[in-house]
Amino acid sequence: MLLSDVGEFGLIERVAEIVGGDDERVVIGIGDDCAVLEWNDAKYLLVTTDTLVEQVHFRLDWATPEDVGGRAIAANLSDIAAMGGTPLAATVSIATPPELAVDTVEELYRGMQQVSAKYGLPIVGGDTVKSDRWITLSITVLGEVKKGNLLTRSGARPGDVVVVTGTLGDAAAGLDVLERGTGTMSPEIEGRLLAAHLRPEPRLREIQLLFDSLTPTSCIDLSDGLASDLRHICTASGVGAEVELEKVPISVECHNIAALTGKPALEYALSGGEDFELLLTIPPDSVGDLPRLLRATTTKVIGRIVDDASIVTGVDIEGNRVALGKGYEHF
Ligand code: ADP
Ligand code: MG
C-alpha cells in the first residue's frame, strides 16, 4: 500500500495507533491544532510544529525569503490561536543545500524574526543540516493557555452557531495571481491577494477578544480550507454542520480574480487553504454579544451545528443542500 492510497489523514491515523499511548501528562495528543500538555495548576503547555518544503509549499521565484520565513512563523502561531493560547517560544530547523547563498538564509530568518517579534515569540534554538537540493524549514512553537480558555476541535454541540474571522479564499486567490503572473488586475487588488497568501496574520488578538465574551465551544484554524477544516471539527465533536453559502465572507478582490479565472469565488473560499482565519462554534445564547465583537474582529456567522453527524453540507439561498467540496490534503 502506498501513502497515496491512505492519504495524509489516513496516514496520521496509522501513526496515532502506533504512538498514541495513554499518558496522564498528555491532555490532547495527535488530532488537534496543538498538542496539549499538563504544565501547572493554572495553565496548559501547547506544542505545534509545521514544515515547509521548497517547491511544494513555496518557490523563491514567487516569494522573497522574508515572506517565506514570516509565513512559516504565522502558520504555527495560527495553531496556537486555534487553541485559545498565547505564544511562548519557537525553535527553527533548516535543511539546505550547500550551494545556497548565506544571504538567503539570513533573509529567511529576518522574515521569521519580524513576525515573531510582532507577536512576542522569541526564537530560541533549532537545528541546521544539509539537504540535497531544496530547502526544508521546520518550526516548532510552544504556547500556553489558561486551563479554562482551552479550545479544541471536539467541543462543538448541536445548535451552536458557526463563525469565521476575516474573508476566505484570498490566500488561494493570491496563489493564482502568482501562477497566472502579475499584471492582469490592478496592482491594489493583486497586492491585497498576494499579501493574504504571503503574509497571513495569525488571529491571536481576535481569539482573546472573542473568548472574553463568547465562550466558544470549539475552534480550528483554516489551513486546509473551510470544507475540510469544518469536517475536522464535526468529526472530532461527533456532530454535523450546515453552512449558509451566501453568508461565507468573500472579498471583492477574490470575486475579481474569480471573474477572470472562471473558477467560482465560493470554490476559493471553501477549498482554498492557508487563509489562517479561525473557524469557531459558539453557543446560541452567546450570540447576543456578537454584533459589537463581530465588528471588532471581522467575524461572521456562516452556519450552525446539527445533531446528525453524517451531514456536513452547504445550503444555498433557496435552502437546497449543496456539497462543500474537498479541501487540501497531502499525497
Ligand atoms: P494543522 O493543519 O493544524 O497543522 P495537521 O493537519 O498538520 O494540523 O495535523 C493534524 C494532527 O496530526 C496534529 O495533531 C498533528 O500534530 C498530527 N500529526 C500530523 N503529522 C504527524 C506525524 N507525522 N506524526 C505525528 N503526528 C502528526
Ligand atoms: Mg491548524
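Residues numbered from 1 in each chain as written. Chains lettered and ligands numbered in written order. Predicted model: local features only at pLDDT ≥ 70, side-chain atom pairs only at ≥ 80, totals over all residues. Heavy atoms only, no water.

K.L.:
Can you walk me through the sheet that holds strand β12 (residues 312-315) in this structure?
P.N.:
Note: strands within a sheet are paired through backbone hydrogen bonds, in either parallel or antiparallel orientation. Spatial ordering of the open sheet is given by β8-β10-β7-β11-β9-β12-β13, a layout of 7 strands whose pairing is mixed. The open sheet has two edge strands with one neighbour each: β8 (218-221) and β13 (321-322). The sheet contact formed by β8 and strand β10 (residues 278-282) spans 4 bridges and is antiparallel. Residue Asp221 lies in a different strand from β10, and its bridge partner there is Leu278. Strands β7 (161-165), β8, β10 and β11 (299-306) of the sheet are contacted by helix α6 (residues 204-214), whose axis makes an angle of about 0° with β10. (Pairing = 2+ DSSP bridges. Helix = DSSP H or I, 4+ residues; strand = E, 2+ residues; numbered from the N terminus. Contact = heavy atoms within 4.5 Å. Axes fitted to C-alpha atoms, helices over the stretch in contact; angles between N-to-C directions.)

K.L.:
Explanation requested: the domain arrangement of the protein in the structure shown.
P.N.:
Much of the literature gives interface size as the accessible area that the parts lose upon coming together. Considered domain by domain, the protein is made up of domain 1 (32-149) and domain 2 (161-322). The distance between the C-alpha centroids of domain 1 and domain 2 comes to 23 Å. Between domain 1 and domain 2, the contact holds 23 residues from the first and 20 residues from the second. Taking both partners together, domain 1 and domain 2 bury about 2000 Å²; carbon and sulfur atoms supply 56% of that area. Broken down residue by residue, the surface that domain 1 buries against domain 2 is led by Trp62, Arg71 and Tyr119, which jointly contribute 32%. Linking domain 1 to domain 2 there are 3 salt bridges. In this structure, Glu274 engages Arg71 in a salt bridge whose closest nitrogen and oxygen atoms are separated by 2.6 Å. Where domain 1 packs against domain 2, one counts 8 residue pairs in polar contact (both at pLDDT 80 or more). (Domains from an automatic or database assignment. Buried area = accessible area lost by both parts, 1.4 Å probe. Salt bridge = Lys/Arg side-chain N within 4 Å of Asp/Glu carboxyl O. Polar contact = N/O pair within 3.5 Å; in protein donor to acceptor, adjacent residues only side chain to side chain.)

K.L.:
Honestly, the pairing of strand β4 (residues 86-96) in this entry has me stumped. Any pointers?
P.N.:
Two faces make up the sheet, and in a regular strand the side chains alternate between them. Inspection of the sheet shows β4 paired to strand β6 (residues 136-146) by 9 bridges, in the antiparallel sense. For Thr86, the partnering residue across the bridge sits in β6 and is Glu144. Relative to strand β5 (residues 123-130), β4 runs parallel, the two sharing 7 bridges. When the sheet's bridge partners are listed, Val92 is paired in β5 with Gly126. With respect to chirality, the unit in which β4 leads through helix α3 (residues 102-118) into the neighbouring parallel β5 is right-handed. (Right-handed = clockwise from strand over helix to strand, strands pointing away.)

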